[in-house]
Amino acid sequence: MEDPTEGAVVIEGDAAASPFVLVCEHAANAFPARWGDLGLSPAARAAHIAWDPGALGLARGLARRLGAVLVRATTSRLIYDLNRPPQSQGAMAARSEIYAIPGNENLSPTARLDRTRVLYLPFHAALRGLLAERLAQGQSPVVITIHSFTPLWHGQPRAVEFGIIHDADPALAEAIFDEARAQTTLDVRLNEPYSAADEVTHTLALQATPMGLRNAMLEIRNDLIADTSAQEAMAERLAPVLLAALARLHAAGEAA
């Protein structure tokens, strides 16, 4: 019998020794036949509403440089946004920025449950299992979620280039912020263009905070990682930042 959860999540490099566990919840803009195209045009399915353009390439570049495991999604965030809890309207949004999502309008509880069972539950179970296995071996995983954001939001330009967002524990995010300002020329900001108040730290709150794991969410403006070479260049810039930030916490005796 076919496993309905098969393909909801991919773990790349699960034997990697680095403490960093990279997560890319919006890695793909695939629309499986099970749910169709949600009534969206090809242009809308390729737009930032459907995924985080460049985020997967950046995450893979960071994973290689850090020797880290990467947990990634395989399906468009419009089918289910894995960085939102099941009760959130944003988990299966009927509207995203200027776009209406016809296939998400008036979803029945049965339809919401189907997507939750097939996508959300296996993704977070896989991530939780990986973290638990590492904790059982005496390791201290550091959870970093990788995202990108659009340069224009409702027609308004965003100057910020690199945002670092935290959940309840700000220590790692603040260390990354300080190191990024010291090591790069990027316009770096803390809790911009989003913050926990915008319901964007669900993965951190669910997976890292309860176990006392250091964590942060990285947001890169997607015009800066628009192709493979730009993604590799950004990974080259940010990998030393992450390493230095974690080293700073270790030196201060604050690392988990």
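Refer to the structure printed above.
Let us look at the structure shown here. If you're wondering where the values come from, they're calculated on a predicted model, not measured in any experiment.

Quick notes on the rules
- Residues numbered from 1 in each chain as written.
- Predicted model: local features only at pLDDT ≥ 70, side-chain atom pairs only at ≥ 80, totals over all residues.
- Heavy atoms only, no water.
- Salt bridge = Lys/Arg side-chain N within 4 Å of Asp/Glu carboxyl O.
- Helix = DSSP H or I, 4+ residues; strand = E, 2+ residues; numbered from the N terminus.
- Buried < 20%, exposed > 50% of the residue type's maximum accessible area, 1.4 Å probe, protein only.
- 1 Å grid on protein atoms, 1.4 Å probe; cavity = no way out; pocket = protein on both sides within 12 Å on 5 of 7 lines; lining within 4 Å.
- Points joined across faces, edges and corners; volume = space filled by probe spheres on them.
- Nonpolar A, V, L, I, M, F, W, Y, C, P; charged D, E, K, R; others polar.
- Core = buried A, V, L, I, M, F, W, Y, C linked by side-chain atoms within 4.5 Å.
- Contact = heavy atoms within 4.5 Å.

### Describing the pattern of salt bridges
Summed over the entire model, instances satisfying the criterion amount to 18 salt bridges. Taking the shortest distance from any N to any O, the salt bridge between Asp 114 and Arg 34 comes out at 2.5 Å. A residue pair is termed long-range when its members are at least 10 positions apart, and Asp 114 in helix α3 (residues 109-136) and Arg 34 in the loop between β2 (20-24) and α1 (42-46) qualify at 80 residues. The exposure class of Asp 114 is partly exposed, given its relative accessible area of 25%. Arg 34 gets classed as partly exposed once you look at its relative accessible area, which sits at 48%. A salt bridge links Arg 45 to Asp 37, with the nearest nitrogen and oxygen atoms 3.7 Å apart. Residues participating in the shared-partner salt-bridge network are Asp 52, Arg 77, Asp 81, Arg 84 and Glu 199.

### Concerning empty space enclosed by the protein
The tally for this structure, following the rule as stated, stands at 1 cavity of 30 Å³ or more. One number sums up the size of the largest cavity: a volume of about 30 Å³. In terms of lining, the largest cavity is formed by Ala 8, Ala 73, Thr 74, Thr 75, Ser 76, Tyr 80, Leu 82 and Leu 119. Looking at side-chain class alone, the lining of the largest cavity contains 5 nonpolar, 3 polar and no charged residues.

### What to know about the nonpolar core
Within the largest apolar cluster, 40 residues are counted, with the highest numbers of intra-cluster contacts made by Phe 20, Leu 62, Ile 144, Phe 162, Ile 164 and Ile 176. Where this core is concerned, the elements lending two or more residues are β2, α2 (55-66), β6 (142-149), β9 (162-165), α4 (171-183), β11 (215-221) and α6 (228-251). By residue number, the principal contributor to this core is α6, which donates 9 residues. Not counting residues up to four positions away in its chain, the partners in contact with Leu 62 are Leu 22, Ile 146, Ala 235, Leu 238, Ala 239 and Leu 242. Ala 8, Ala 73, Val 118 and Leu 131 belong to the second-largest nonpolar core, a separate cluster that totals 37 residues.

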